[in-house]
Every structure is written in structure tokens, then in C-alpha cells.
Amino acid sequence: MTRSASPPPLVPVPLTADVFAPFGDVIEADQARSHLINEGRTRRFHALATSAPGEGGEAILSIFRGTPWPSPVTVRMLERHPLASQAFVPMERHSWLVVVADAPRADACRCFLARGDQGIQIGRGIWHHPLLVLQPLQDFLVVDRAGAGNNLEEVWFPDGESVTLAAV
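On a predicted model such as this, the values are computed, not experimentally measured, just so you know. (Residues numbered from 1 in each chain as written. Predicted model: local features only at pLDDT ≥ 70, side-chain atom pairs only at ≥ 80, totals over all residues. Heavy atoms only, no water.)

Focus: the pairing of strand β11 (residues 119-122)
Step number 1: Burial along β11 is two-sided: the face carrying Gly 119 and Gln 121 and the face carrying Ile 120 and Ile 122 are both buried.
Step number 2: Summarising the sheet, strand β2 (residues 24-27) and β11 pair through four bridges and their orientation is antiparallel. When the sheet's bridge partners are listed, Gly 24 is paired in β11 with Ile 122.
Step number 3: Across three bridges, the pairing between strand β8 (residues 86-90) and β11 is antiparallel. Counterpart to Ala 87 in the pairing with β11 is Gln 121. (Buried < 20%, exposed > 50% of the residue type's maximum accessible area, 1.4 Å probe, protein only. Helix = DSSP H or I, 4+ residues; strand = E, 2+ residues; numbered from the N terminus. Pairing = 2+ DSSP bridges.)

Points about empty space enclosed by the protein
Step number 1: Taken as a whole and judged by the stated rule, the model has one cavity of 30 Å³ or more.
Step number 2: In this model, the largest cavity occupies a volume close to 80 Å³.
Step number 3: Around the largest cavity, the lining residues are Phe 88, Trp 96, Leu 97, Val 98, Val 99, Ile 120, Ile 122, His 128, His 129, Pro 130, Leu 131 and Leu 132.
Step number 4: For the lining of the largest cavity, the elements supplying multiple residues, two or more each, are β9 (96-101) and β11. (1 Å grid on protein atoms, 1.4 Å probe; cavity = no way out; pocket = protein on both sides within 12 Å on 5 of 7 lines; lining within 4 Å. Points joined across faces, edges and corners; volume = space filled by probe spheres on them.)

Listed below in C-alpha cells is the structure:
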């Protein structure tokens, strides 16, 4: 990223397990990983992701209620959780955005458009932007870590460096 020229907007690509694999897992109802339970009345989509709370941590469930960022969304920072994974599962069927990167730089960002029936589990230590919703209000079930140690690192990009997301 240069300070004098604005890069083209980052276009979200559809979220699939294959393209998201370097960053974590896609959590979605996969018929191949399911079986019937409760006298055939319930289909269990089994072990779609596993929580990794790290040594001395415990997996906790929370609800995050997101509101949209100002439009156009400009990514100026990333965060990561060095001790544990973090999962987001939408509680309503609204599409949402996921921004991840393999390094804490604007030019390393990738953006995914997740369907309302898709969640993600971001791997331990993976750089990502905070929750990006497209609705006025959207709830997510979040599985992350409680316990000793600093499990949050934030990096703000240098002045003039950012990436703007294309409208969806």
C-alpha cells in the first residue's frame, strides 16, 4: 500500500471451506457430516469445528450483537487471539463479511461474504477484522476463550494505509 494512491476496493468473495482453510474452519450444515438422532426427528451435523481454548483456558459461549460499520467500510486495523481460536455463528440468516489476513497489513487482507447459514472459526493467531455485519443489528453465538494471559493483540495500520471494502 502506498500513501499516494488508493488501492482498488477489496471485493468480497463467497465463503467456502477450501478458500478459508488457511484461516480456520467454515461452520455450516454439511450433509456428509450428519446423522439422525432423537428417533429420527433431528439431524445432527457433527463436529463441524473444535474449540481450541489453549493451555489454562476454557471455552466460553457469548452472544455478540453487531451493528454495521460506516459505509464504505475502511479497514484500518486487525486483531488476533494468540492463545485460542474464536468462532462466530450467526443467529439470524443474514449475510455478513469476514476480513482475515496472513499478516497485519492492509495489502494482506482478504474479504469473504458469508451466507447467513455459515459461521466461521478463526484459527489461533490468525489476523482478522472485528465483526462486520450488513444488517442494522445482528446477533452471533461466539465461542472463544476465558482464562489467564493476554489473548488479544491489535495492530493499527500506519497513517495513510487502509483497505476499503467494495459494496455488497
